[in-house]
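The primary structure of each chain is shown beneath.
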Amino acid sequence: MKQVLAGPEVDSFYHLHNIPMEHRLCRGLSCFAAQARNAERWSAAIAQEPPVFCLGKCYMAPASADDEAEPRVEVRSRVPIVLDGVAGNDQRPLDAYRAAGGYGGLEQALAHPPEWTLAQIETAQLRGRGGAGFPAGIKWRAVAKERSEIKHVVANADEGDHGSYIDRFVMERTPHRVLEALGIAAHAVGSQHATIYLRKEYPKAHTALVQAMDEAREAGWIGRPIPGYSFKFDIDLVIGEGSYVCGEETSLIRSIEHRRPEVMARPPFPTQKGLFGYPTLVNNVETLASVPWIAKHGGDAYAAMGTRTSRGTKAVSLNSLFARPGLYEVEFGMPLRWVFETLGGGFREGEMKAAIMGGPLAGVLKPEEFDTPLDFEAMRAVGASVGHGGVVAFDQSTRMVDLLAHVFAFGTNESCGKCTPCRLGSRRALDLLRKAQTQPLEKAETAELFALMDALRQTSLCGHGSGLGVFAQSVFAKFGEELEPWFPS
């Protein structure tokens, strides 16, 4: 495998290069929302450098890397798929995973030609769970049809969206499911090599994956021809060093290559020219977590759940302001209000003012929009997003001007600097928002801020800058009455 050696110009890109994770405090959106629960810890998090914007512990925010509590986990769909083994019996050891039917999906795939698996994924109408909801079958088919002796499959385990900790617990509690899914994907698209790109903020997932890879290699599932079949593939594990933008697939690919992980213009798409220049399939962990079930039970069974445009199940993760924060697997189509109130139990204290689903770079939801079904198109219709499935809800004490400033502080810190709108526009917008936290802007400054928001949304190279614009415009559209005194037009 060709590799480009890293150097200072690459290392300097990352926030956590040579930074141990012990004693790190989180200043992500869930911790911002819960800052009143532990003001001392929140103040320490704000003062700590370099910042950490999500530890995957949003169920107990404000959080520390040293906290050991684990979340409530419930399956409320007809069958467990994503959270099978995350809830209930421990499936971490290989023997336990095999006893629960593990690697049965891979065996089923290997008993058929690759076309069979591709057809099952297409029939299932599985859509990516990493943000955009792109049909997985289209990606898989695109890589499969490329004529190349070398192809790659990549598990995007850089779960950085604030409020999301789904991938974390899938990897920690069912690491073999990730390996099995990668094997199924590799066989389907014609690859013999997979890579897991894991964020540094998940050290327990790192340990679980390494142990699972060792067990799988010893048992013959990876590293040599699988017993009874001619297919073989192997897996590498790459640890990120702190960069939210590495969740974007072109940036992630460059990071694996030890190059400066700036976002790249497309085309060519990674399915054509990805890791080390070869056709590459990139799916996030939750997307992959559904693959073994689809291979075992068939695409039709999966498509029978959910809605016409959003099939199957979705895991959602609720932040610490809910009475019952935790992970819940539900079928697409359930009203958000049912998720928030029946599963999450509503708020511990006070009333909910707003919610963001799918990370900080998405539209906000007001309480009157909570009857929206969990569905990609329905959420888009109200200016929000399913995204990764992480829910961060805010109480009445949250000022929208403070929320805007917090998200833009995150956005400027995490910008890769590749394009001017994001590199410079986000910083200027942050300056204006910080001023507005203490005094009203001038009319000309408000006009400048709105122009910056529009430029970010329309001209940024990737979803980082455009997402900042979408988020800001959503807040102003839905909470304009509250914000108007600070932003006179």
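In this text the structure is predicted, and so the values were computed from the model without any measurement.

Engineer: Help me understand the pairing of strand S10 (residues 390-395), please; the structure alone is not making it clear to me.
Structural biologist: Every other side chain in a regular strand lies on the same face of the sheet, so the side chains alternate between the two faces. Extensive coverage of S10 is indicated by the burial of six of its six residues. Side-chain alternation along S10 places Gly 390, Val 392 and Phe 394 on one buried face and Val 391, Ala 393 and Asp 395 on a second face that is also buried. As paired strands, strand S6 (residues 313-318) and S10 are joined by two bridges and run parallel to one another. By the bridge assignment, Leu 318 is partnered in S10 with Val 391. Across five bridges, strand S8 (residues 352-357) lies against S10 in antiparallel orientation. Note on S10: the bridge partner recorded for Ala 355 is Ala 393.

Engineer: I'm lost on the sheet that holds strand S3 (residues 193-198) in this one. Help?
Structural biologist: The strands making up a sheet associate through backbone hydrogen bonding, with each pair oriented either parallel or antiparallel. Taken in spatial order, the four strands line up as S4-S3-S2-S5 in an open sheet, and their pairing is parallel. Both edges of this open sheet fall to strand S4 (234-239) and strand S5 (280-284), since each of them pairs with a single strand only. On average, each strand axis in the sheet is inclined to that of its neighbour by 20 degrees, with strand direction left out of account. Sheet topology places S3 next to S4; six bridges connect them, and they run parallel. For Leu 198, the partnering residue across the bridge sits in S4 and is Ile 239. Each of S3 and S4 touches helix H10 (residues 203-219); the most contacted strand, S4, lies at about 165 degrees to it.

Engineer: What is the right way to look at the pattern of salt bridges in this model?
Structural biologist: Opposite charge on two side chains allows them to pair when their charged atoms are near. Scanning the entire structure with this criterion turns up 32 salt bridges. Here Glu 249 ties to Lys 139 by a salt bridge, and the two come within 3.2 Å at their closest N and O atoms. Placement of Glu 249 in helix H11 (residues 249-256) and of Lys 139 in helix H7 (residues 136-145) is noted, with a sequence separation of 110 residues between them. Accessibility expressed as a relative area gives 15% for Glu 249, which makes it buried. What makes Lys 139 buried here is its relative accessible area of 18%. The partner of Glu 201 in a salt bridge is Arg 199, with the nearest N and O atoms 3.5 Å apart. A network of salt bridges, in which partner residues are shared, links Lys 139, Glu 248, Glu 249 and Arg 266.

Cut-offs and rules
Residues numbered from 1 in each chain as written. Predicted model: local features only at pLDDT ≥ 70, side-chain atom pairs only at ≥ 80, totals over all residues. Heavy atoms only, no water. Buried < 20%, exposed > 50% of the residue type's maximum accessible area, 1.4 Å probe, protein only. Helix = DSSP H or I, 4+ residues; strand = E, 2+ residues; numbered from the N terminus. Pairing = 2+ DSSP bridges. Axes fitted to C-alpha atoms, helices over the stretch in contact; angles between N-to-C directions. Contact = heavy atoms within 4.5 Å. Salt bridge = Lys/Arg side-chain N within 4 Å of Asp/Glu carboxyl O.

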